[in-house]
Amino acid sequence: MFTQVIDPLGNLTLTCLVALIPVVFLLVLLAVFRAPAWIAVMAGSLVTFLLAMWVWRMPFDVGSQAFINGAATGMWNVNWITFWGLILFNTLSLTGLFENFRRWLIAQGSADVRVQTMLFAWAFGALLEGLVGFGYPWAVVAPILISLGISDLNAIRVAAIANNAPVSYGALGAPIIGLAAVTGYPLLALSGSIGSVVAVLALLPPWVLLYLVSGRAGMWSAWPLAIVGSLGYILGQYPVAVYMGPYLPDVTGSIVCFAALLLLLKFWQPSAILGYGGVPLDAAALAQHRRDHGLSVGEVVQAWLPFVILLVVVALWTGPWSPLPKVSWFKAAAAACAAASTTCTAAKPDVSAVFNFAPWVGGTAILVAWVLVAAWLFAIGKLTGDLLGQVFRKTFAQMWGALLVGVFIFGLAYVFNFSGMAASLAKGFASLGTAFIVVAPILGFIGVALSGSNTSTNAMFGKFQALVGAQLGLPPLLLPTLNSVGAEIGKPVAPQTASVGVSTSRFVRKEGDVIRHNMGWTFVLLAYLIVIAVAFHFLQPASMTLPPP
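Residues numbered from 1 in each chain as written. Predicted model: local features only at pLDDT ≥ 70, side-chain atom pairs only at ≥ 80, totals over all residues. Heavy atoms only, no water.

(A) Representation of the overall build of the chain within the structure. Helix and strand content of the chain: 23 helices and two strands. Projected onto its principal axes, the C-alpha positions of the chain cover 75 × 50 × 45 Å. In the chain, which comprises 549 residues, the proportion classed as buried is 59%. Sequence-distant contacts in the chain: of pairs separated by 6 or more residues, those separated by 24 or more amount to 80%. With the model as given, the accessible surface of the chain reaches about 20,400 Å², and the carbon-plus-sulfur share is 69%. (Helix = DSSP H or I, 4+ residues; strand = E, 2+ residues; numbered from the N terminus. Buried < 20%, exposed > 50% of the residue type's maximum accessible area, 1.4 Å probe, protein only. Contact = heavy atoms within 4.5 Å. Areas by Shrake-Rupley, 256 points an atom, 1.4 Å probe, with all protein chains shown as cover.)

(B) How the structure looks around unusual backbone geometry. One non-glycine residue, R57, lies in positive phi territory at about 60°. Assessed through its relative accessible area of 48%, R57 is described here as partly exposed. Phi angles above zero are rare outside glycine, and A171 is one such case at about 50°.

(C) How the structure looks around the environment of S453. Relative to the elements of secondary structure, S453 occurs in the loop between α19 (436-451) and α20 (454-472). One polar contact links the side chain of S453 to the main-chain amide nitrogen of T455, over a distance of 3.3 Å. (Polar contact = N/O pair within 3.5 Å; in protein donor to acceptor, adjacent residues only side chain to side chain.)

(D) Examining the packing of helix α10 (residues 187-201) against helix α21 (residues 478-490) more closely. The N-to-C vectors of α10 and α21 enclose an angle of 45°; their axes lie 9 Å apart at closest approach. The angle between the axes of α10 and α21 places the two elements in the oblique class. Our pair here, α10 against α21, has a crossing hand that is right-handed. On the side of α10, the interface is formed by L190, S193, I194, V197, V198 and L201, while α21 contributes P480, T481, S484, V485, E488 and I489. A breakdown of the residues in the contact of α10 with α21 according to their chemical character gives eight nonpolar, three polar and one charged. (Axes fitted to C-alpha atoms, helices over the stretch in contact; angles between N-to-C directions. Parallel < 35°, antiparallel > 145°, perpendicular 65-115°, else oblique. Left-handed = near helix turned anticlockwise from the far one by under 90°. Nonpolar A, V, L, I, M, F, W, Y, C, P; charged D, E, K, R; others polar.)

(E) Structural context of helix α17 (residues 385-418). Taking 1.5 Å per residue, 34 residues should reach 50 Å; α17 reaches 46 Å between its end C-alpha atoms and fits that length. Remark: the principal bend of α17, roughly 50°, maps to M399. Immediately downstream of α17, the backbone of G420 shows phi near 105°, a positive value. (Expected span 1.5 Å × (residues − 1). Bend = angle between axes of the 7 residues up to and from the residue.)

(F) Here's a closer look at the pairing of strand β2 (residues 351-357). Side chains V351, A353, F355 and F357 of β2 all project onto a buried face; the interleaved residues S352, V354 and N356 project onto a face where none is buried. Pairing of strand β1 (residues 330-336) with β2 involves seven bridges; the strand directions are antiparallel. Residue A333 lies in a different strand from β2, and its bridge partner there is V354. (Pairing = 2+ DSSP bridges.)

(G) Structural detail: the state of the cysteines. Enumeration according to the criterion identifies one disulfide in this entry. Note on cysteine connectivity: C337 is disulfide-linked to C344, with sulfurs 2.0 Å apart. Its S-S torsion of about -80° marks the bond between C337 and C344 as left-handed, since a negative value means left-handed. Across the pair, C344 and C337 agree in class, each one buried. (Disulfide = S-S within 2.5 Å.)

(H) Seen up close, the side chain of N90. Tracing the backbone through its elements, the reader meets N90 in helix α4 (residues 60-94). Residue N90 is classed as buried on the basis of its relative accessible area of 0%. Within the structure, the side chain of N90 is placed 2.8 Å from the side chain of Q398, a separation counted as a polar contact. Look past the residues within four positions of N90 in its chain and what remains in contact with it is V391, K394, T395 and Q398.

(I) Spotlight on the nonpolar core. Core analysis: the largest hydrophobic core is formed by 177 residues, its most contacted members being W122, F124, L225, F418 and L479. Counting residues per element, this core draws most heavily on α17, which supplies 15 residues. Contact partners of F124, with chain neighbours within four places excluded, come to F98, F101, R102, L105, L119, V140, V141, I144 and F258. (Core = buried A, V, L, I, M, F, W, Y, C linked by side-chain atoms within 4.5 Å.)

(J) Molecular detail of the pattern of salt bridges. The tally for this structure, following the rule as stated, stands at three salt bridges. Close ionic contact of R102 with E99 constitutes a salt bridge, the shortest N to O distance being 2.8 Å. Residue R102 and its partner E99 are both found in helix α5 (residues 97-108); the two are separated by three residues, about one turn of the helix. Judged by its relative accessible area of 21%, R102 is partly exposed. (Salt bridge = Lys/Arg side-chain N within 4 Å of Asp/Glu carboxyl O.)

(K) Local environment of helix α13 (residues 249-267). Between its first and last C-alpha atoms α13 spans 27 Å; for 19 residues at 1.5 Å apiece the expected length is 27 Å, and the two agree. Restricting attention to buried positions, one finds in α13 the residues P249, D250, V251, T252, G253, S254, C257, F258, L261, L262, L264 and L265. If you follow the buried residues of α13, they end up packed against α5, α6 (113-131), α9 (170-183), α12 (223-243) and α15 (297-318).

(L) Geometry of the packing of α12 against α13. Where α12 contacts α13, the two axes come as close as 7 Å, and the packing angle between them is 145°. At the point where α12 passes α13, the crossing takes the right-handed sense. Packed against α12, whose contacting residues are P224, L225, V228, G229, G232, Y233, L235, G236, Q237, V240 and A241, the element α13 presents P249, D250, T252, G253, S254, V256, C257, A260, L261, L264 and L265 at the interface. In terms of residue class, the contact of α12 with α13 is built from 14 nonpolar, seven polar and one charged.

(M) The arrangement of a nonpolar patch on the surface in detail. Together, L203, W220, W223, I227 and L231 line one region of the surface with nonpolar side chains, adding up to about 510 Å² of accessible area. The leading source of residues in the nonpolar patch is α12, at three residues. Mapped onto the elements of the fold, W220 is located in helix α11 (residues 205-221). According to the relative accessible area criterion, W220 is exposed, its value standing at 52%. (Patch = residues over 30% accessible without salt bridge, like charges linked within 9 Å, V, L, I, M, F, W, Y side chains within 5 Å.)

(N) Summary view of the packing of aromatic side chains. Per the stated rule, a full pass over the model turns up 36 aromatic pairs. Members of the aromatic cluster, connected to one another through ring pairs, are W76, W80, F83, W84, W317, W329, F330, F355, F357, W360, W370 and F392. (Phe/Tyr/Trp six-rings, centres within 6.5 Å; stacked < 30°, edge-to-face > 60°.)

(O) Expanded view of the environment of I309. Among the secondary structure elements, I309 is positioned in helix α15. Overall, I309 belongs to the buried group, its relative accessible area being 17%. On a C-alpha basis, the gap between I309 and V373 in space is 7.2 Å, while along the polypeptide they are 64 residues apart. Setting aside residues up to four positions removed in sequence, I309 forms contacts with A369, L372 and V373.

Structure follows, in structure tokens:
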């Protein structure tokens, strides 16, 4: 049986540098040469595999099995859910229901730019992230903010900063599903630990958003919006993340946030109606902003019903009361022994690269929800066979590259972990001691800033973070959690995310201008996350421990 070697070159520093080659190679292709992500991960997979065999002496047969198991995990656990999530979103978009939902929402708030920012950038952006991700919240929200008088560059920054907190639960939980796959930690436990950190992180961005659109005075005079906006999202996100899993926290968080903000506006309104920059709106501007959504009660119900169906189906399907996600039809595993192990056997290996085919995973729940929505839309005449074809063609055109990335990045990650490369890096970085708590979110930040994907960053660094935590005796979930949340913070400066986010603005192919404009506040939020990380380590370590078996 293959046994991992921690220091194959006889010099741990040199071994760690060689172990970093796949990561650096991948990120250079993405960030410097701007190669398409699917080409970069294919090339990165090849480099990783060759190094694993040549330096870490991984046998070809078990290494190939590890890669295949990883690729299958990426396809089934991650691609399966993101594909059907985007199918649902495109179905709602092409049938006009999503546009009706947006029109109804616009009509609910006042003309005040602070109210609209909280409704659209914060709450609506979280809904888009929860359903789709991939930079679409920027692309959809920024034009709405521009229509409110915010300049293009600033509107994109507001949309990007608002998109920070929801990213780990984006695309119906794909980043956390990927993190669970590579670390082997329970999905619900990771969802809960990340939800705990995100709940604290979400307290700050609403204040930043209000400051960005109205200045210091405008922010303080609208303090109820910041408090209700942050707490509304947390109230919908946190319990679902802790008790139900990673599929719906963004969706429920956004809906509860909508409800809380609209309820607040029934009893409180800003003393002055401000436009962008904190400038009071005159009577002519107010008249221009007054609009009616023009929808009947039935059309409003139709716009909301798909989200209700999604929530009910996914909650019943994936909740702790459901046996469906636990059903497994077969497992395939590549086994190995850890370095210096004395108890490793073929029956009880120390290291394994497992693909578990569980047919009723969250992606299947999204499929069932979409089938119900599609059947209803056919019944009321909103969906036709031709339109359904457009939905699938549009989705495939949008996702074929991402689907390949999901396959190859998880194959790469499984080989990286299985061969011992991640263990070698963990041994080297463990010399930092508990100071690594500060480094952990920065690694996630750098990973997503260069790769553009929280899911890919979790696949690459998740196991490594877990191994460092184990060597340092830290709570098991702490470092993988910080990796994922750090990746959230890096999204506003990720070129690949920015390229999608600017697709509806005049900054197409000018992503560098957007990234530079986003940089300052992104670093502020990263510093805030580091403070949260240290606080959780010293004050709330129990929330980062694994549940009893």
